[in-house]
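Report on the structure
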Amino acid sequence: MGAAIGLLAKTKEVPRTRATTESWLVRLALIALALTFLFFFLLIPLVEVFQKAFEKGLGAYWQAIQDPETRSAIRLTLITAGIAVPLNLFFGLVSAWAIAKFEFRGKNLLITLIDLPFSVSPVISGMIYVLLFGTQGLLGPFLVEHDIKIIFTPVAIVLATIFVTFPFVSRELIPLMQAQGREEEEAAMTMGAGGLRTFFKITLPNIKWGLLYGVILCNARAMGEFGAVSVVSGHIRGLTNTMPLQIEILYNEYQFVPAFAVASLLALLALFTLAAKGIVEWRSNKS
Amino acid sequence: MAPFFRRRHRVLPGFGLTLGFTVFYLSVIVLIPLSTLFIKTASLSWGEFWNVIGSARVLAAFKLSFLASLVAASINTVFGLLVAWVLVRYNFPFKRIIDGLVDLPFALPTAVAGIALTSLYSGNGWLGSFFESYGIKTAYSPLGIVIALTFIGLPFVVRTVQPILADLPAENEEAAACLGAGRLKTFWKVLLPELKPALWTGFALAFARALGEYGSVVFISGNMPMKTEITPLLIMTKLDQFDYAGATAIAVLMLVVSFLILLFINLINWRTHRILAPR
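Let me sum up the structure you'll find in this document. Here the structure is a predicted model, which is why all the values come from computation and not from measurement.

Quick notes on the overall build of chain A
- Looking only at helices and strands, chain A has 13 helices and zero strands in total.
- N-terminal to C-terminal, the α/β element order of chain A is α-α-α-α-α-α-α-α-α-α-α-α-α.
- When its C-alpha atoms are laid out on the principal axes, chain A stretches across 65 × 60 × 30 Å.
- For chain A, the residues scored as buried account for 54% of the 287 residues in total.
- Here the contacts in chain A between residues at least 6 apart in sequence split such that 75% fall between residues at least 24 apart.

Right, here's the structure in full:
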């Protein structure tokens, strides 16, 4: 249930008359109350991350990022997202094509099942892979016999990440492609274009903003996932730690500047995600 | 009987291929791993299951998770409505940026939120020391858990209420004003009933997210068994001790609860659609 709202939700301004709005005093009070709430719950934690990261100056910050274990955590996070996001992007396109362009029974069930990972707690998302691939797990004896290790390796981290980011692209594309119908594609096919050509020339340009939106959200979650990855990682330093896991280790060792330095990189990613999201929303409203 | 797939002439290609791949990938990534949970549960006897669920530590964790999530989701409902209202109805500087920032809890990794909130609310953090001077302990207490859960659930109510509020026709309020209702009365009698389904949906989404939340809570809660240990953490502890049966029992119960919440949300949507568009 991560991203409750997609591109289809837009807000528009309603012109107000005196009878249908509040006095300026009430307006001011409500705005002040809302902004105070947002100030304490959103802005202050964000500022705290950067303030703590730079508490001991730029040098300490830079040194923290240069640490080999931190470096390898950054590398693993990039690799994980680099595998999980394209796979889920491909799945999103394929599933949205099947669901939005054709009629078949059980469609609603399929959509519900695709959304399933959003309603599963992150810890449980990781745990199911332990139950499947762990030494005591369902496939455990088979894997031990063939000397294959999945749990406590980067493979498990990638799998858990794919699971938690699974619905992002498809849940963005399905309503969008359903709303667009199939007339344009059918026209292209009738005029003799092949299936792939129709997809690349007609469908893809129509959905590009929705696709980008889904990918941005998918990537943010892939790089920031903590609970699910924590269960399957085994926390082997320099090997199976992603950036969020590295933050946990550093923080629990009271290495606050390094912990917040890594955190500040992820906070920058979050700010970049929000900005990109805003731009995509604005562009898709315009077109 | 109608055939499973309605046979009709299709102009567009790739139905079998794309649906086949969708079902295959869904099965490999989601359904098969998730089914292991139920296979594992089936290997437990009822006695074993109740032994785990009924233990004092598990009950305490469930109680804490429920209460903290309930409080956080309620705070989010009240303030979410307020934020949505202010963003839709009024104009003020930096409104667009603030609107975008509301999604921060979705975008910010939970571990980052966790350490930031802990550092703010711990005894030597600047908010924590403020509360401590009044004798209120925030971090490492249930209050800290509520703070973290309020943070991560913040966007849900705002984002479910915002589009509904923006689409409400002004005529309803004009009519209420013509009939002599003040703004407060119009809000209670005209606007709030219209917003209720969205508010409930947002509340349920925030509540469900809070129940399963792990990353932002583990840092601020202090993780004391019986006192500040939430359910997802208890699953984690049991997994670390290779107590897979215990972890599974708790996880299945949590899953059932989240499905009930999902069902509740669908029920609200179904009722709303039926009222708005009677056949």
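Details of the environment of Thr228(B)
All names here are of chain B.
- Relative to the helices and strands, Thr228 is located in the loop between helix 11 (215–221) and helix 12 (231–240).
- Note: C-alpha distance between Thr228 and Pro142 (86 residues apart in sequence) is 6.0 Å.
- Ignoring sequence-local partners within four residues, the contact set of Thr228 consists of Leu64, Tyr140, Ser141, Pro142, Ile145, Ser221, Gly222 and Asn223.
- Of the polar contacts made by the side chain of Thr228, one reaches the backbone nitrogen of Asn223; its length is 3.3 Å.

Digging into a nonpolar patch on the surface
- The grouping of Phe39(A), Phe40(A), Leu43(A), Val47(A) and Trp126(B) at the surface amounts to a nonpolar patch, some 450 Å² of accessible area in total.
- Of all the elements, helix 1 (residues 24–53) of chain A adds the most residues to the nonpolar patch, at four residues.
- Mapped onto the elements, Leu43(A) comes out in helix 1.
- Classification of Leu43(A) by relative accessible area gives partly exposed; the value is 33%.

Quick word on the pattern of salt bridges
- One pass over the structure, following the stated rule, counts 18 salt bridges over all chains.
- Close ionic contact of Glu55(A) with Lys52(A) constitutes a salt bridge, the shortest N to O distance being 3.5 Å.

Some thoughts on the interface of chain A and chain B
- Residue-level contacts link 96 residues of chain A with 102 residues of chain B.
- Carbon and sulfur atoms make up 79% of the area that chain A and chain B hide from each other, which totals about 8,900 Å².
- One can count two salt bridges joining chain A with chain B.
- Linking Lys277(A) and Asp103(B) is a salt bridge whose minimum nitrogen-to-oxygen distance equals 2.4 Å.
- Here the side of chain A that touches chain B takes 18 residues from helix 1 of chain A, the largest share from any one element.
- Considering only residue class, the side of chain A that touches chain B consists of 65 nonpolar, 15 polar and 16 charged.

Concerning unusual backbone geometry
Residues and elements named next belong to chain B.
- Within the chain, Tyr140 stands out as a residue other than glycine whose phi angle is a positive 60°.
- With relative accessibility at 32%, the residue Tyr140 sits in the partly exposed group.
- Its identity as a non-glycine residue notwithstanding, Met226 has a phi of 75°, on the positive side.
- Note on placement: Met226 falls in the loop between helix 11 and helix 12.

A closer look at the nonpolar core
- Counting 177 residues, the largest nonpolar core has Ile124(A), Tyr129(A), Phe163(A), Ile29(B), Leu37(B), Val161(B) and Ile235(B) as the members making the most contacts within it.
- With 14 residues, the top contributor of residues to this core is helix 3 (residues 56–89) of chain B.
- Excluding anything up to four places from it in sequence, Leu37(B) contacts Ile124(A), Met127(A), Ile128(A), Leu131(A), Thr248(B), Ala251(B), Val252(B) and Leu255(B).
- Among the nonpolar cores identified, the runner-up in size contains 12 residues, and Ala73(B), Phe156(B), Val257(B) and Ile261(B) belong to it.

Here we look at the packing of helix 13 (residues 256–286) of chain A against helix 6 (residues 110–121) of chain B
- Interaxial distance between helix 13 of chain A and helix 6 of chain B falls to 10 Å at its minimum, and their mutual angle equals 130°. When the axes of helix 13 of chain A and helix 6 of chain B are compared, the pair comes out oblique. When you trace helix 13 of chain A past helix 6 of chain B, the crossing you get is left-handed. In this structure, helix 13 of chain A contributes Ala259(A), Phe260(A), Ala263(A) and Leu266(A) to the contact, and helix 6 of chain B contributes Val112(B), Ile115(B), Ala116(B) and Ser119(B).
- Across the contact of helix 13 of chain A with helix 6 of chain B, the residue classes tally to seven nonpolar, one polar and no charged.

Criteria and cut-off values
Residues numbered from 1 in each chain as written. Chains lettered and ligands numbered in written order. Predicted model: local features only at pLDDT ≥ 70, side-chain atom pairs only at ≥ 80, totals over all residues. Heavy atoms only, no water. Helix = DSSP H or I, 4+ residues; strand = E, 2+ residues; numbered from the N terminus. Buried < 20%, exposed > 50% of the residue type's maximum accessible area, 1.4 Å probe, protein only. Contact = heavy atoms within 4.5 Å. Polar contact = N/O pair within 3.5 Å; in protein donor to acceptor, adjacent residues only side chain to side chain. Patch = residues over 30% accessible without salt bridge, like charges linked within 9 Å, V, L, I, M, F, W, Y side chains within 5 Å. Areas by Shrake-Rupley, 256 points an atom, 1.4 Å probe, with all protein chains shown as cover. Salt bridge = Lys/Arg side-chain N within 4 Å of Asp/Glu carboxyl O. Buried area = accessible area lost by both parts, 1.4 Å probe. Nonpolar A, V, L, I, M, F, W, Y, C, P; charged D, E, K, R; others polar. Core = buried A, V, L, I, M, F, W, Y, C linked by side-chain atoms within 4.5 Å. Axes fitted to C-alpha atoms, helices over the stretch in contact; angles between N-to-C directions. Parallel < 35°, antiparallel > 145°, perpendicular 65-115°, else oblique. Left-handed = near helix turned anticlockwise from the far one by under 90°.

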